[in-house]
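Report on the structure
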Amino acid sequence: MPPKTLVPRIVTVGCAQMGPIARAETRAQCVERLIALLREAAKKNCTLVVFPELALTTFFPRWFMPDWREVDQFFETEMPNAAVAPLFAEAKRLKIGFYLGYAEKTPEGRRFNAAILVDRAGEIVGKYRKIHLPGHAENEPERPFQHLEKRYFEPGDIGFPVWRTMGGIVGMAICNDRRWPETYRVMGLKGMELMLLGYNTPAINGWAMVHSAPEPEHLRQFHNHLVMQAGAYQNSTWVVAAAKAGIEEGCSLIGGSCIVAPTGEIVALTRSVADELVVADCDLSLCTYGKETTFAFAKHRRIEHYGLIASQTGVIEPPQ
Ligand code: ING
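Computed from a prediction, not measured in an experiment: that's the story for all the values here.

As a further point, take the nonpolar core. Counting 47 residues, the largest nonpolar core has Leu196, Leu197 and Met228 as its most contacted members. Residue contributions to this core peak at 6 residues, all from strand β9 (residues 238–243). Apart from residues lying up to four places away in sequence, Leu197 is in contact with Val50, Tyr99, Ala173, Ile174, Cys175, Arg178, Met228, Val239, Val240, Ala241 and Ala242. Residues Val31, Val49, Ala91 and Phe98 belong to the second largest nonpolar core, which totals 28 residues.

Once that is clear, we can look at the sheet that holds β9. Strand order in this open sheet of 6 strands is β6-β7-β8-β9-β12-β13, and the pairing throughout is mixed. Only two strands of the sheet have a single neighbouring strand rather than two, namely β6 (162–165) and β13 (266–269). Neighbour-to-neighbour, the strand axes of the sheet open up by a mean angle of 20°, direction not taken into account. In this sheet, β13 lies alongside strand β12 (residues 258–260) in antiparallel orientation, the contact comprising 3 bridges. Across the sheet, residue Cys258 finds its bridge partner in β13, namely Leu269. Together, β8 (194–199), β9, β12 and β13 form the strand contacts of helix α7 (residues 218–234), whose direction differs from that of β12 by roughly 30°.

For the structure shown, the criterion picks out 24 salt bridges. A salt bridge links Arg271 to Glu276; its shortest N-O distance comes to 3.9 Å. For Arg271, a relative accessible area of 76% corresponds to the exposed category. Overall, Glu276 belongs to the buried group, its relative accessible area being 11%. Among the ionic contacts, a cluster of salt bridges with common partners joins Glu104, Arg110, Lys127, Arg129, Glu154 and Asp157.

This brings us to the site of the ligand. Surveying the vicinity of the ligand reveals 13 residues, the closest of which are Glu149, Cys175, Asn176, Arg179 and Thr201. Between Arg178 and the ligand, the recorded distance is 3.0 Å, taken from a side-chain N or O atom to an oxygen atom. Measuring from an oxygen atom of the ligand, one finds a side-chain N or O atom of Thr201 at 2.7 Å. Across the complex, the protein chains shield 86% of the 370 Å² of accessible surface that the ligand would expose by itself.

Here is what the cut-offs are and how they apply
- Residues numbered from 1 in each chain as written.
- Predicted model: local features only at pLDDT ≥ 70, side-chain atom pairs only at ≥ 80, totals over all residues.
- Heavy atoms only, no water.
- Core = buried A, V, L, I, M, F, W, Y, C linked by side-chain atoms within 4.5 Å.
- Buried < 20%, exposed > 50% of the residue type's maximum accessible area, 1.4 Å probe, protein only.
- Helix = DSSP H or I, 4+ residues; strand = E, 2+ residues; numbered from the N terminus.
- Contact = heavy atoms within 4.5 Å.
- Pairing = 2+ DSSP bridges.
- Axes fitted to C-alpha atoms, helices over the stretch in contact; angles between N-to-C directions.
- Salt bridge = Lys/Arg side-chain N within 4 Å of Asp/Glu carboxyl O.
- Near = heavy atom within 4 Å.
- Polar contact = N/O pair within 3.5 Å; in protein donor to acceptor, adjacent residues only side chain to side chain.
- Areas by Shrake-Rupley, 256 points an atom, 1.4 Å probe, with all protein chains shown as cover.

These figures capture arrangement, not role.
Shown next as structure tokens:
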């Protein structure tokens, strides 16, 4: 029997890395940079663009701010809002969908590290709130810089949704989520073909600098790609990951923005740590092979042995 020829389902995706955002940079200045990346994507026939995590402000969890009014300056209380309206308008004009990471403050006063998925008609089709929050909740003055995501954000409360849009099944994640296999698997169990995410990843771990932990800087990039290549392959999905990169307020953030195929191969990779767009024709039909063979979940998974993964949070070692 001839092999089943798959009809290509190509989404031309732009991975829009940003360089540093200074603390004093305004939302308008950030949006100007995002629009420039969007226009470059339009010239390269993109129909979808992925922007970084917290793409409208500097990565403010690096500072301890005791005054919550100061913290709240970095949050959006509405989305869309006046600051991002030009971005929404230009994307709609160009008929380009996009993923945008931002700090969300709800009307009830809850704070999340969030991302939205906007379709080519300029409508918000989905929202995700970061579930895996790294770092710490209290000021640790011995650190050269803080990582206070556990202080400024609540863990996401809407799970890992996926959406039928852009001609496929699309999921979202944010930064640290990409290090946890559960992130990919939960959405993989919903048929995800394209995972979009942004990240802000310090090149060095503030804790390591104080405790001289064995994590030299080159491992940051190795681990960045390792986890996404594994997640893409093990769930037969595309992964598009856009960094906020460069020296931001004295803190070095890694670049390495990339587009990973369902085979686990990196098919597009930024070279700089500045605003930079890389593009790939992501054929969603490429996901089918893995989903029907090696990772045909229904055929091969043995969930009767996996209970601990969802019922136990930390390690319980065997008795001495
Ligand atoms: N940043 C980092 C990330 O997960 C980190 C934090 C870096 C945790 C390296 C562990 C190791 O990429 C954010 N914003 O999650």
